[in-house]
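# Results of the structural survey
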Amino acid sequence: MAALGWLTPRRRSATARSVLAGEASAEAARKSSRDLPEPAGTAREPEFPVLGDDRAAAFFDLDNTVMQGAALFHFGRGLYKRKFFETRELARFAWQQAWFRLAGVEDPEHMQEARDSALSIVKGHRVAELETIGEEIYDEYMADRIWPGTRALAQAHLDAGQKVWLVTAAPVEIAQVIARRLGLTGALGTVAESVDGVYTGRLVGEPLHGPAKAEAVRALAAAEGLDLSRCAAYSDSHNDIPMLSLVGHPYAINPDAKLRRHARDKDWRLRDYRTGRKAAKVGIPAAAGVGAVAGGTAAAIALSRRRR
């Protein structure tokens, strides 16, 4: 299970570990992906995405872009239900998830704690076991949290015959489950080390976050023969500016304050599904999805207080 990984934001260029993480994620994604069929018919070609452009693809961040909240926290909730860890760990997961959904930004300390906790939890477990559990957890906690608007954007690329990839710091196995359930091509995610099918509790490189995401997209594009200037990328976080800056069609989806400012400065397109407001025309037909931003907060706070 690729790293249940989170990473502190990095204000720097990619390091050797970022490159390693990106290349490992790209390789894992290519192994598990499936080709999409060519689009049928000769429908009128939209302005974007371009019908039949097989050198273009789309890359979607997951947390708060495709799905409300953080995949890692939903996964932690599912592992708790299966007695992988104790109640005090659940309280921390719940509090971090509630904070993330309310604030809409990633807290470095929360991310570091979640990454370390998750790695220790899965150490010694078999990869196949976590893959099976990931399917169950998607149905239990994630399926109802997909933003309809973002899902429509992804479908527009698929309908144009383009491949669509998730790019996330979540474990690559979990990311691949979500991608498969949504009918996407595949996923780039954090890769956790395993030996003989058993997790060691270590990562390959580092979590797929910030510069590492950009390196993963770059590596996958090279392997797939894509022209990044014809590709699109979608994210809610300023941490993904390196990835968004790689492509010719960057989109800010449910953006945090820093990304919103940057997108406006760069004249990137924006869409916000959290309240139904439309910051700008996206250029692709999309149904505006409205999602809850504070669901489960009271329960999370109650759990947190019990620890005191």
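Residues numbered from 1 in each chain as written. Predicted model: local features only at pLDDT ≥ 70, side-chain atom pairs only at ≥ 80, totals over all residues. Heavy atoms only, no water.

Selection criterion: UniProt positions are given in the numbering used here, feature names are shortened, and annotations may be inferred rather than shown by experiment.
As named in an unreviewed UniProt entry, the chain is HAD-IB family hydrolase, taken from Streptomyces bauhiniae. According to its UniProt record, the chain has this under Sequence similarities (unreviewed entry): "Belongs to the HAD-like hydrolase superfamily. SerB family."

### Quick look at the environment of Gly 69
Stated formally: Going along the chain from the N terminus, every DSSP run of H or I of four or more residues is numbered as a helix, and every run of E of two or more is numbered as a strand. For each residue, the accessible area found with a 1.4 Å probe, counting protein chains only, is set against the maximum for its type, and the residue is called buried under 20%, exposed over 50%, and partly exposed in between.
Among the structural elements, Gly 69 can be located in the loop between strand S1 (57-61) and helix H2 (71-81). Given the relative accessible area of 0%, Gly 69 is considered buried. Linking Gly 69 and Arg 145, residues 76 residues apart in sequence, is a C-alpha distance of 7.9 Å.

### Quick notes on the pattern of salt bridges
The test is simple: The working definition used for a salt bridge is a side-chain nitrogen of Lys or Arg within 4 Å of a carboxyl oxygen of Asp or Glu.
Scanning the entire structure with this criterion turns up 15 salt bridges. As a salt-bridge pair, Lys 81 and Glu 140 come within 3.4 Å of each other at their nearest N and O atoms. With Lys 81 in helix H2 and Glu 140 in helix H5 (residues 127-142), this residue pair connects regions lying 59 residues apart in the sequence. In this structure, Glu 135 engages Arg 180 in a salt bridge whose closest nitrogen and oxygen atoms are separated by 2.1 Å. Of this pair, Glu 135 sits in helix H5 while Arg 180 is found in helix H7 (residues 172-181), placing the two residues 45 residues apart along the sequence. A network of salt bridges, in which partner residues are shared, links Lys 81, Arg 82, Glu 136 and Glu 140.

### Observations concerning the pairing of strand S3 (residues 186-190)
Within a regular strand, the side chains alternate between the two sheet faces. Convention followed: Think of it this way: DSSP has to see at least two bridges between two strands before they count as a pair. Seen with its strands pointing away from the viewer, a crossover is right-handed if its path from the first strand over the helix to the second goes clockwise.
Of all five residues in S3, five are buried; the element is thus mostly enclosed. Here strand S2 (residues 163-171) pairs with S3 via four bridges, running parallel. Bridge pairing in S3 links Leu 166 to Ala 187. Taken together, S2, H7 and S3 constitute a β-α-β crossover, and its handedness is right-handed.

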